[in-house]
Amino acid sequence: KNFLEQKRRALKIPALLPTTDDGLIKKLYKQRAEMSKKRGEEYHVDHIIPLSIGGAHHQDNMRVITAKENLEKRDKYIPELGGVWADNDLAREYKKKHNIK
């Protein structure tokens, strides 16, 4: 997905935080495109804590990884990766259900 598609999705959930920086997020998408072109392999911008479980659409919750890695990760939460939670019902429900503080 591209920058605008992800932003629309994040607004709908809502997964944006007051400190979300569109400029920094756009740089991640640019980096993804450059890496894909340079390495001849598809890369994705991944939400470390997936939006679908309550992750924030925030630069500190995003990274560039291979498409293969991203598709294998899907909507899993991997605490060791860090990430940033949104302030929404999805996050509250997931954290409560999985006893995450």
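Residues numbered from 1 in each chain as written. Predicted model: local features only at pLDDT ≥ 70, side-chain atom pairs only at ≥ 80, totals over all residues. Heavy atoms only, no water.

A. Structural detail: unusual backbone geometry. Backbone geometry at arginine 74 places phi at a positive 55°, although glycine is not the residue there. Within the secondary structure, arginine 74 sits in the loop between helix H3 (67-73) and helix H4 (89-97). A positive phi angle is found at asparagine 99, which is not glycine, with a value near 50°. Looking at the secondary structure, you find asparagine 99 in the segment after H4. Residue class for asparagine 99 comes out exposed when judged on its relative accessible area of 62%. (Helix = DSSP H or I, 4+ residues; strand = E, 2+ residues; numbered from the N terminus. Buried < 20%, exposed > 50% of the residue type's maximum accessible area, 1.4 Å probe, protein only.)

B. Representation of the packing of helix H1 (residues 3-12) against helix H2 (residues 22-39). Running from N to C, H1 and H2 cross one another at 135°; their axes reach a closest spacing of 10 Å. One finds that H1 runs oblique with respect to H2. Between H1 and H2 lies a crossing whose hand is right-handed. Along the contact surface, H1 presents Phe3, Gln6 and Lys7, while H2 presents Asp22, Ile25, Lys26 and Tyr29. Among the residues making up the contact of H1 with H2, the classes are represented as 3 nonpolar, 1 polar and 3 charged. (Axes fitted to C-alpha atoms, helices over the stretch in contact; angles between N-to-C directions. Parallel < 35°, antiparallel > 145°, perpendicular 65-115°, else oblique. Left-handed = near helix turned anticlockwise from the far one by under 90°. Contact = heavy atoms within 4.5 Å. Nonpolar A, V, L, I, M, F, W, Y, C, P; charged D, E, K, R; others polar.)

C. Structural detail: the layout of surface pockets. The computed volume of the largest pocket comes to approximately 340 Å³. Gln6, Arg9, Val45, His47 and Asn70 are the residues nearest the centre of the largest pocket, which is lined by 17 residues in total. Grouping the constituent residues of the lining of the largest pocket by class yields 4 nonpolar, 5 polar and 8 charged. (1 Å grid on protein atoms, 1.4 Å probe; cavity = no way out; pocket = protein on both sides within 12 Å on 5 of 7 lines; lining within 4 Å. Points joined across faces, edges and corners; volume = space filled by probe spheres on them.)

D. Main features of the pairing of strand E2 (residues 62-66). Within E2, 4 of the 5 residues are buried, which leaves the element mostly enclosed by the surrounding structure. In terms of strand pairing, strand E1 (residues 43-47) meets E2 through 5 bridges, oriented antiparallel. The residue of E2 that forms the bridge with aspartate 46 is arginine 63. (Pairing = 2+ DSSP bridges.)

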